[in-house]
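Coordinate inspection notes
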Amino acid sequence: MAEYEIRPASPGERLALIELQRRASLTHEAYRALLLAHPDAIDLPIEHIAKGGTLVATIDGVIAGFAVVIAHADGTVELDGLFVEPRWARMGIGRDLVKEACDKAHQWHAEHLIVVASPETRGFYAGCGFVVVGEANTRFGTALTMRRDIGGR
């Protein structure tokens with residue numbers, strides 16, 4: 001397994017992260033046609049990087065994945081995005097990005113980390129300690145709202 005490190009993203013990496021998001025997202029057959037029809041659905045606002053909530057995993061200096069953590073005004077903290085370069089999928093990078101996202105949420109004094117997940121990713125997030133707490137209507141259909149308690153991380 002390749003060694004990787006996780007660090008905060010820099011604003012200059014925004015376009016590379018968007019392209020990684022596109023590659024990773026298009027591997028999901030269920031959403032490919034919708035994403036191709038709505039390319040604007042794949043984006044990473046610069047504010048998410050500037051606020052320090054975008055975490056990047058790199059292998060030998062090459063971006064291998066990233067996670068976006070957002071603190072909302074009501075005090076909730078959300079894992080808003082998690083993407084791994086397809087050639088490095090299933091190596092533990094996504095799971096480690098979730099751990100780092102939990103650490104970030106803890107730094108921001110949150111008790112829980114929320115993710116709105118597609119039904120296809122339920123097993124992954126359950127394996128990372130998330131439980132289903134409801135449903136959410138999204139642009140592309142119904143998704144699961146999942147929560148992970150992070151008090152003890």
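Relevant structure appears above.
The structure contained in this document is the topic of the report that follows. These numbers were taken from a predicted model, which means no experiment stands behind them. Every chain begins its residue count from 1, and numbering advances along the sequence as written. Selection of residues for local features in this predicted model requires a pLDDT of at least 70, selection of side-chain atom pairs for listing and counting requires 80 or more, and totals for whole chains, interfaces and linings are taken over all residues. Water and hydrogen atoms were dropped before computing side-chain values, which therefore reflect all heavy atoms in the structure.

**Regarding the nonpolar core**
Definition of nonpolar core: a set of buried residues of the types Ala, Val, Leu, Ile, Met, Phe, Trp, Tyr and Cys, connected through side-chain atoms within 4.5 Å. Only protein chains enter the accessibility calculation, which uses a 1.4 Å probe. A residue is then buried if its area is under 20% of the maximum for its type, exposed if over 50%, and partly exposed in between. Counting 29 residues, the largest nonpolar core has Leu79, Ile93, Val98, Leu113, Tyr125 and Phe130 as its most contacted members. Secondary structure elements with two or more residues in this core: β2 (54–59), β3 (62–71), β4 (77–84), α4 (93–107), β5 (112–117) and β7 (141–149). Top contributing element to this core by residue count: α4, with 6 residues. For Leu79, the residues in contact, after removing those within four places along its chain, are Ala67, Val68, Val69, Val98, Ala101, Leu113, Ile114, Val115 and Tyr125. Formed by 14 residues, the second largest nonpolar core is a distinct cluster that contains Ala9, Leu17, Val56 and Val68. Counting from the N terminus, the helices are DSSP H or I runs at least four residues long and the strands are E runs at least two residues long. The contact definition used throughout considers only heavy atoms, calling two residues in contact when any of these lie within 4.5 Å.

**Overview of α4**
Helix span, as expected, comes to 1.5 Å for every residue beyond the first. Compared with the 21 Å implied by 1.5 Å per residue over 15 residues, the 21 Å span of α4 between its first and last C-alpha is a close match. For α4, the set of buried residues is Ile93, Gly94, Leu97, Val98, Ala101, Cys102, Lys104 and Ala105. Backbone geometry just after α4 places His109 at a positive phi near 65 degrees.

**Let's talk about the layout of surface pockets**
As defined here, a cavity is a set of points on a 1 Å grid over the protein atoms alone where a 1.4 Å probe fits but cannot get out. A pocket is an open set with protein on both sides within 12 Å along at least five of seven lines, and residues line them when an atom is within 4 Å of a point. Grid points are joined across faces, edges and corners, and a volume is the space filled by probe spheres set on the points. Taken as a whole, the largest pocket spans an internal volume of roughly 1600 Å³. The wall of the largest pocket is formed by 47 residues, among which His28, Leu82, Phe83, Ser118 and Thr121 lie closest to the centre. Taken together, the elements giving at least two residues each to the lining of the largest pocket come down to α1 (14–25), α2 (29–37), β3, β4, α4, β5, α5 (122–127) and β7. Here the lining of the largest pocket gets 7 residues from one element, more than from any other, and that element is β4. Amino acid classes used here: Ala, Val, Leu, Ile, Met, Phe, Trp, Tyr, Cys and Pro are nonpolar; Asp, Glu, Lys and Arg are charged; the rest, including Gly, are polar. Looking at side-chain class alone, the lining of the largest pocket contains 26 nonpolar, 13 polar and 8 charged residues.

**Describing the packing of aromatic side chains**
Aromatic contacts are taken between Phe, Tyr and Trp rings whose centres are within 6.5 Å, Trp giving its six-membered ring; a plane angle under 30 degrees counts as stacked, one over 60 as edge-to-face, and the others as tilted. Throughout the structure, instances matching the rule amount to 3 aromatic pairs. Centroid distance Phe66 to Phe83: 5.4 Å. Interplanar angle 35 degrees. Geometry classified as tilted. Taken as a pair, Phe66 in strand β3 and Phe83 in strand β4 lie far apart in primary sequence, 17 residues in all. For the pair shown, Phe66 and Phe83 are each scored as buried. Plain terms: the ring middles of Tyr125 and Phe130 are 5.5 Å apart, the flat faces sit at 85 degrees to each other, and that makes the pair edge-to-face. Site record: aromatic cluster; members linked through ring pairs are Phe124, Tyr125 and Phe130. One Lys or Arg, Arg87, reaches over the ring of Trp88 and ends 4.0 Å from the middle of that ring. Counted as over-ring charges are cases with an Arg CZ or a Lys NZ within 6 Å of the ring centre that also lie within 35 degrees of the ring normal.

**A look at the sheet that holds strand β6 (residues 131–138)**
One key point about sheets: their strands pair by backbone hydrogen bonds, in either a parallel or an antiparallel sense. Taking strand neighbours across the sheet as the criterion, the 7 strands line up as β1-β2-β3-β4-β5-β7-β6 in an open arrangement whose pairing is mixed. Sheet topology places β1 (5–8) and β6 at the edges, where each strand pairs with a single neighbour. On average, adjacent strands in this sheet sit at an angle of 30 degrees to one another, irrespective of strand direction. Across 7 bridges, β6 lies against β7 in antiparallel orientation. Within the sheet, the bridge partner assigned to Asn137 lies in β7 and is Thr142. Every axis in this analysis is a line fitted to C-alpha atoms, fitted for helices over the stretch in contact. Angles between the N-to-C directions lie between 0 and 180 degrees. Each of β2, β3 and β4 touches α1; the most contacted strand, β3, lies at about 95 degrees to it. Across the sheet, α4 is in contact with β1, β2, β3, β4, β5 and β7; its angle to β4 comes to roughly 155 degrees. Pairing between strands is defined by DSSP: at least two bridges between them are needed.

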